[in-house]
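Descriptive structure summary
Below are the chains, spelled out letter by letter.
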Amino acid sequence: MEATIASASLGADGALVVVPYYNRPPQEGLEAHFRAIAAAAPELPLMLYNIPGRTGCSLQPETTARLLDLPNVISYKAASGSTEEVSQLRALCGDRLALYSGDDALTLPMLAVGAVGVVSVASHLAGPQIQMMVSAFLSGDIHTALALHERLLPLFKGLFCTTSPIPVKAALELEGWPVGAPRPPLVPADHDVRQRLSAILAALRPT
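What counts and what doesn't
Residues numbered from 1 in each chain as written. Predicted model: local features only at pLDDT ≥ 70, side-chain atom pairs only at ≥ 80, totals over all residues. Heavy atoms only, no water. Helix = DSSP H or I, 4+ residues; strand = E, 2+ residues; numbered from the N terminus. Rg over C-alpha atoms; globule rule 2.2 N^0.38 Å. Buried < 20%, exposed > 50% of the residue type's maximum accessible area, 1.4 Å probe, protein only. Contact = heavy atoms within 4.5 Å. Expected span 1.5 Å × (residues − 1). Arc of directions from axis to C-beta. Axes fitted to C-alpha atoms, helices over the stretch in contact; angles between N-to-C directions. Parallel < 35°, antiparallel > 145°, perpendicular 65-115°, else oblique. Left-handed = near helix turned anticlockwise from the far one by under 90°. Nonpolar A, V, L, I, M, F, W, Y, C, P; charged D, E, K, R; others polar. Pairing = 2+ DSSP bridges. Core = buried A, V, L, I, M, F, W, Y, C linked by side-chain atoms within 4.5 Å.

Turning next to the overall build of the protein. From N to C terminus, the protein includes 10 helices and five strands. Taking 2.2 N^0.38 as the reference for a compact globule, 207 residues should give roughly 17 Å; the C-alpha atoms of the protein span a radius of gyration of 18 Å, in line with that estimate. Along the three orthogonal principal directions, the C-alpha set of the protein runs to about 50 × 45 × 30 Å. When each of the 207 residues of the protein is scored for burial, the buried share is 41%. Partitioning the intrachain contacts of the protein with sequence separation of at least 6 by distance along the chain shows that 62% fall at a separation of at least 24.

Spanning 14 residues, helix α2 (residues 27-40) covers 20 Å between terminal C-alpha atoms, matching the ideal 20 Å at 1.5 Å per step. What α2 keeps buried is the set Q27, L30, E31, F34, I37 and A38. Down the axis of α2, the buried side of the element spans an arc of 130°, and every buried residue falls inside it. For α2, exposure combined with an orientation more than 90 degrees from the buried face picks out E28 and A39.

Let's shift gears to the packing of helix α8 (residues 142-158) against helix α10 (residues 191-204). Across the interface, α8 lies against α10 with an axial gap of 10 Å and an inter-helix angle of 160°. As far as their axial angle goes, α10 and α8 are roughly antiparallel. Between α8 and α10 lies a crossing whose hand is left-handed. Residues R151, L152, P154, L155, K157 and G158 of α8 form the contact with α10, whose participating residues are R196, L197, I200, L201, A203 and L204. A breakdown of the residues in the contact of α8 with α10 according to their chemical character gives eight nonpolar, one polar and three charged.

Turning our attention to the environment of H143. Tracing the sequence through the fold places H143 in helix α8. For H143, a relative accessible area of 67% puts it in the exposed group.

With parallel pairing, five strands are arranged side by side in an open sheet as β1-β2-β3-β4-β5. Two strands bound the open sheet, and with one partner strand each, they are β1 (15-18) and β5 (117-118). Examined bridge by bridge, β1 and strand β2 (residues 46-50) share four bridges and lie parallel to one another. For L16, the partnering residue across the bridge sits in β2 and is M47.

Here the focus is the environment of V118. By the secondary structure assignment, V118 is in strand β5. Residues V118 and L108 lie 10 residues apart in sequence; the distance between their C-alpha atoms is 9.2 Å. Apart from residues lying up to four places away in sequence, V118 is in contact with Y100, S101, D104, T107 and I130.

Core analysis: the biggest nonpolar cluster contains 36 residues, and F34, L46, L48 and Y76 have the highest contact counts within it. Listed by contribution, the elements that provide at least two residues to this core are β1, α2, β2, β3 (73-78), α5 (83-93), α6 (107-112), α7 (123-138) and α8. Apart from the residues within four sequence positions on either side, L48 is in contact with V17, F34, L59, T64, L67, V73, S75, Y76 and K77. With 20 residues, the next largest nonpolar core counts A105, V118, L152 and L155 among its residues.

What follows is the structure, encoded as structure tokens:
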């Protein structure tokens, strides 16, 4: 909560607020947690972030729906690894909550069940193409959206061949961006990962 307050005071446009990790609170605790953040920075738009694979706890759609009485809860990053999460949220929240894929590889399937975009890792390397994919789908050009998804899928998968953000940092360095090594306990990408990423990036370059 303190970081969110500080971000608001520094002029941030919004905050991505993740489900608390490690202690695995019940749904009542998660609701109280997000209500406290929303009340502490009422002028700051909030995106709820559900990533149970990292936190060990999942924010349930019913809990999310209850939080919509908070005017600054406006969007949701869905990273459970399932399109069903988006379907359930749409059923309970309708279009009152903007839903975003939290997994590049699931962006197109999630768009099909009501998501409006993606909070992307791969966009660091293929932002324009991902924008084109989302825009094509939302405008009804499913053929183009699917073709872009299929072209980008090796990148989507390659960037998670080991713990993120190790691969994306390596890929950015391969593209000439000196972003530095990940902080411990993460370690730099090994030779095999770098070789795999190099091949993926080469295949994506225009011929």
